[in-house]
Amino acid sequence: MKCVICKQGATRPGTATEILERNGAVVVFRNVPADVCDVCGETYLDADTASRLQKEAEELIATGSRLDVRDYRAA
């Protein structure tokens, strides 16, 4: 896929760090599978991965967690 940000690079399979913030809470997911632009480093998640991260972050925030850093684990 061609990068929609820089319009120069192509994306390749890799990993990314994704940071989700809501109402002052921050959840950091490391080693998330993603397509990564080989020029600018922009990351693209597939819909299932993005949905899973969103759900997990919402569950953590609902428990009162204000800051959490974790490695991505495949389902």
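These figures come from a predicted structure and were not determined experimentally.

Draft legend 1. View of the overall build of the protein. Secondary structure summary: the protein contains one helix and four strands in total. Listing the helices and strands of the protein from first to last along the sequence gives β-β-β-α-β. When the backbone C-alpha atoms are referred to their principal axes, the protein occupies close to 40 × 25 × 15 Å. Classification of the 75 residues of the protein by burial places 28% in the buried group. Partitioning the intrachain contacts of the protein with sequence separation of at least 6 by distance along the chain shows that 50% fall at a separation of at least 24. Within the protein, the 12 negative side-chain charges are centred at a point lying 1 Å from the centre of the 10 positive side-chain charges.

Draft legend 2. Broad picture of empty space enclosed by the protein. Counted under the stated rule, the structure contains one cavity of 30 Å³ or more. Partitioned by chemical class, the residues of the lining of the largest cavity number two nonpolar, no polar and five charged.

Draft legend 3. Structural detail: the nonpolar core. In terms of nonpolar packing, the biggest core is built from seven residues, these being Val27, Phe29, Val32, Leu53, Ala57, Leu60 and Tyr72. Counting residues per element, the ones that place at least two in this core are strand S2 (25-37) and helix H1 (47-62). Once residues lying within four places of it in the same chain are set aside, the contact partners of Tyr72 are Arg30, Asn31, Val32, Pro33, Thr49, Arg52 and Leu53.

Draft legend 4. Here's a closer look at the pattern of salt bridges. Considering all chains together, one arrives at six salt bridges under this definition. Sharing partners across several salt bridges, the network here consists of Glu56, Asp68 and Arg70.

Draft legend 5. Spotlight on unusual backbone geometry. Positive phi, close to 50°, is recorded for Asn23, a residue that is not glycine. Note on placement: Asn23 falls in the loop between strand S1 (11-22) and S2. Judged by relative accessible area, which is 71%, Asn23 ranks as exposed. Of note in the backbone geometry, Asn31 takes a positive phi value of approximately 60° without being a glycine.

Draft legend 6. How the structure looks around the side chain of Glu56. Residue placement: Glu56 occurs in helix H1. Other than its neighbours up to four places away in sequence, Glu56 contacts Phe29, Arg70 and Arg73.

What counts as what
- As a convention, each chain's residues are numbered from 1 in the sequence order in which they are written.
- Reporting of local features is limited, given that this is a predicted model, to residues whose pLDDT is at least 70; pairs of side-chain atoms are given and counted only at 80 or more, and all residues count toward the totals for whole chains, interfaces and linings.
- In computing side-chain properties, one takes all heavy atoms of the structure into account and sets aside hydrogens as well as water.
- The secondary structure listing takes helices from DSSP runs of H or I that are at least 4 residues long and strands from runs of E that are at least 2 residues long, numbered from the N terminus.
- Exposure categories follow from relative accessible area, calculated using a 1.4 Å probe and restricted to protein chains: below 20% of the type maximum is buried, above 50% is exposed, and the middle band is partly exposed.
- Residue contacts follow a heavy-atom distance rule, with two residues in contact if any of their heavy atoms lie within 4.5 Å.
- Lys and Arg are tallied as positive, Asp and Glu as negative. Neither His nor the chain termini are counted.
- To locate a charge, take atom NZ for lysine, CZ for arginine, CG for aspartate or CD for glutamate.
- A 1.4 Å probe that fits but cannot get out identifies a cavity on a 1 Å grid over protein atoms alone, an open set with protein on both sides within 12 Å along at least five of seven lines counts as a pocket, and a residue lines either if it has an atom within 4 Å of a point.
- Grid points are joined across faces, edges and corners, and a volume is the space filled by probe spheres set on the points.
- Under the scheme applied here, ten amino acids are nonpolar (Ala, Val, Leu, Ile, Met, Phe, Trp, Tyr, Cys and Pro), four are charged (Asp, Glu, Lys and Arg), and all others, including Gly, are polar.
- Take the buried Ala, Val, Leu, Ile, Met, Phe, Trp, Tyr and Cys residues and link them wherever side-chain atoms come within 4.5 Å; each set so joined is a nonpolar core.
- Salt bridges are counted wherever a side-chain nitrogen of Lys or Arg sits within 4 Å of a carboxyl oxygen of Asp or Glu.

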